Structures are given as structure tokens and as C-alpha cells.
Amino acid sequence: MVGMWAVVVTLGAGYAAANFAINSGEEEAKPKLEGLRYTSLPTMSVPVVERGKVEGYVVVRMVYTADAAVLRSLASSPDPFLTDEIFRNLYSHAETNFGKLQRLDLGNFATEVKAAVNARMGADVVQDLLVDGLNYINLSEPDAMRKVAAAAHDSAVPQDPRDTPATYAGAPSKH
């Protein structure tokens, strides 16, 4: 009887140890956060229309952060959705007063754009939206056309962000 009891206890202890090892291995196999990817968007020029005439341009350059694993799992890039939402939001708020040092609530702007893009993508893709540059070009200034041309030149060649140094799991580039 003592021999049978020793065998049962040994088998039970072996089963418990094996079960514990299997369960603890499952917890370690969970995917870990790979890190955030910073991606620069092309420079955008948003027209400020007043009384049917373009009075100036809001020129903006943005960077967004997203989880690298989430970006890989997407069927399409969030870049066009971000560009569209940024343009729509700025266009709806752009007034001639924009050039007269009226403040744009950048925190609220980033939150609105991020929420709209994530809703359109159907997932929490964009983690944060950062302003890399923001300016207003008043067309009544003498060198306004040169500034508009320079802004257009900055965004003339959109590239795949995966091929540029601006997209990596590190800090945003100075574009």
C-alpha cells in the first residue's frame, strides 16, 4: 500500500509540475509591444478662403505615432486618412484671422483628428499627433508666392514612409 501511495503522489506531483510549466510558458508567449513608429506626413497647404478669394495658406507639417505591430496588421496605410482629416479640420477653422496670431487649440485639434482617423480606420491606430511645423502665409505679403512655392516644393514628392528615415521606432526627423 505504501508503494502504491508513493507512485500516486509522484505521478500527481509530476502532473502538477508539468501543468504549471505549460501555463507559465503561455504567459511568456504573449506578444510584447514592439514600440512606436514615428511617421512624417507631407507638408500640407490649406487655403484660407474669404469672400470667394484665397487670402492665404495655412502650411502644416505633422508627425504621427502608431504601434508598429498595429501598422503591419492594417490593410491600408493611415496616411491618406490623416492627411484628409488634418486638411478638413484646418479648412473648417481657417479664417483670415488665422494670420493675426489667433490661437488654434493644438491639443484639441490633435485629439479631434486622432479620434476621427481611428474611427475611420476601425481601430486605435494613431496614438499621438505631433506638430512638426505650422505657419500662415498671407498672400498680400510681397514674398508670399515664394513662400507658397517653397511649401509646395517640400511636399512635391510624397514617398512611402517605410522607405524614408522619418519612419522608425525612434524620434521624428527634422523634415
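Residues numbered from 1 in each chain as written. Predicted model: local features only at pLDDT ≥ 70, side-chain atom pairs only at ≥ 80, totals over all residues. Heavy atoms only, no water.

Comments concerning the packing of aromatic side chains
Point 1. Under the definition given, this model contains 1 aromatic pair.
Point 2. Between Phe87 and Tyr91 the ring centres are 6.0 Å apart and the planes differ by 10 degrees, which places this aromatic pair in the stacked class. Within this pair, Phe87 and its partner Tyr91 are both found in helix 3 (residues 79-93), separated by 4 residues, close to a single helical turn. (Phe/Tyr/Trp six-rings, centres within 6.5 Å; stacked < 30°, edge-to-face > 60°. Helix = DSSP H or I, 4+ residues; strand = E, 2+ residues; numbered from the N terminus.)

Comments concerning a nonpolar patch on the surface
Point 1. Taken together, the side chains of Val49, Val54, Phe87 and Tyr91 make up a nonpolar region of the molecular surface, amounting to roughly 300 Å² of accessible area.
Point 2. Position of Val49 relative to the elements: it lies in strand 2 (residues 44-50). (Patch = residues over 30% accessible without salt bridge, like charges linked within 9 Å, V, L, I, M, F, W, Y side chains within 5 Å. Areas by Shrake-Rupley, 256 points an atom, 1.4 Å probe, with all protein chains shown as cover. Salt bridge = Lys/Arg side-chain N within 4 Å of Asp/Glu carboxyl O.)

Quick notes on the packing of helix 3 against helix 4 (residues 106-121)
Point 1. Viewed as axis vectors pointing N to C, helix 3 and helix 4 meet at an angle of 135 degrees, and their least axial separation amounts to 9 Å. In terms of their interaxial angle, helix 3 and helix 4 are classed as oblique. The two elements helix 3 and helix 4 meet at a crossing, and its hand is right-handed. Counted together, Phe81, Leu82, Asp84, Glu85, Ile86, Arg88, Asn89, Leu90 and His93 of helix 3 and Phe109, Glu112, Val113, Ala116, Val117, Arg120 and Met121 of helix 4 form the full contact between these two elements.
Point 2. Here the contact of helix 3 with helix 4 is composed, by residue class, of 9 nonpolar, 2 polar and 5 charged. (Axes fitted to C-alpha atoms, helices over the stretch in contact; angles between N-to-C directions. Parallel < 35°, antiparallel > 145°, perpendicular 65-115°, else oblique. Left-handed = near helix turned anticlockwise from the far one by under 90°. Contact = heavy atoms within 4.5 Å. Nonpolar A, V, L, I, M, F, W, Y, C, P; charged D, E, K, R; others polar.)

Some words on the environment of Leu130
Point 1. For Leu130, the position within the fold is in strand 4 (residues 126-138).
Point 2. Along the primary structure Leu130 and Thr39 are separated by 91 residues, whereas in three dimensions their C-alpha atoms are 10.0 Å apart.
Point 3. In this view, Leu130 contacts Tyr38, Arg61, Met62, Val63 and Thr65; residues no more than four positions away in its chain are not counted.

Points about the nonpolar core
Point 1. Ranked by size, the top nonpolar core spans 22 residues in total, and within it Met62, Tyr64, Leu82, Ile86, Leu90, Val113 and Leu129 carry the most contacts.
Point 2. Contributions of two or more residues to this core are made by strand 2, strand 3 (53-67), helix 3, helix 4 and strand 4. (Core = buried A, V, L, I, M, F, W, Y, C linked by side-chain atoms within 4.5 Å. Buried < 20%, exposed > 50% of the residue type's maximum accessible area, 1.4 Å probe, protein only.)

Things to note about the pairing of strand 3
Moving residue by residue along a regular strand, the side chains alternate between the two faces of the sheet.
Point 1. Of all 15 residues in strand 3, 12 are buried; the element is thus mostly enclosed.
Point 2. Of the pairings in the sheet, the one linking strand 1 (residues 36-40) to strand 3 comprises 5 bridges and is antiparallel in character. Paired with Thr39 across the bridge in strand 3 is Tyr64.
Point 3. Here 7 bridges tie strand 2 to strand 3, and the two strands are oriented antiparallel to one another. Within strand 3, the position partnered with Glu50 by the bridge is Lys53.
Point 4. Between strand 2 and strand 3, which pair antiparallel in sequence order, lie 2 residues; one of them, Arg51, sits at a positive phi of approximately 55 degrees. (Pairing = 2+ DSSP bridges.)

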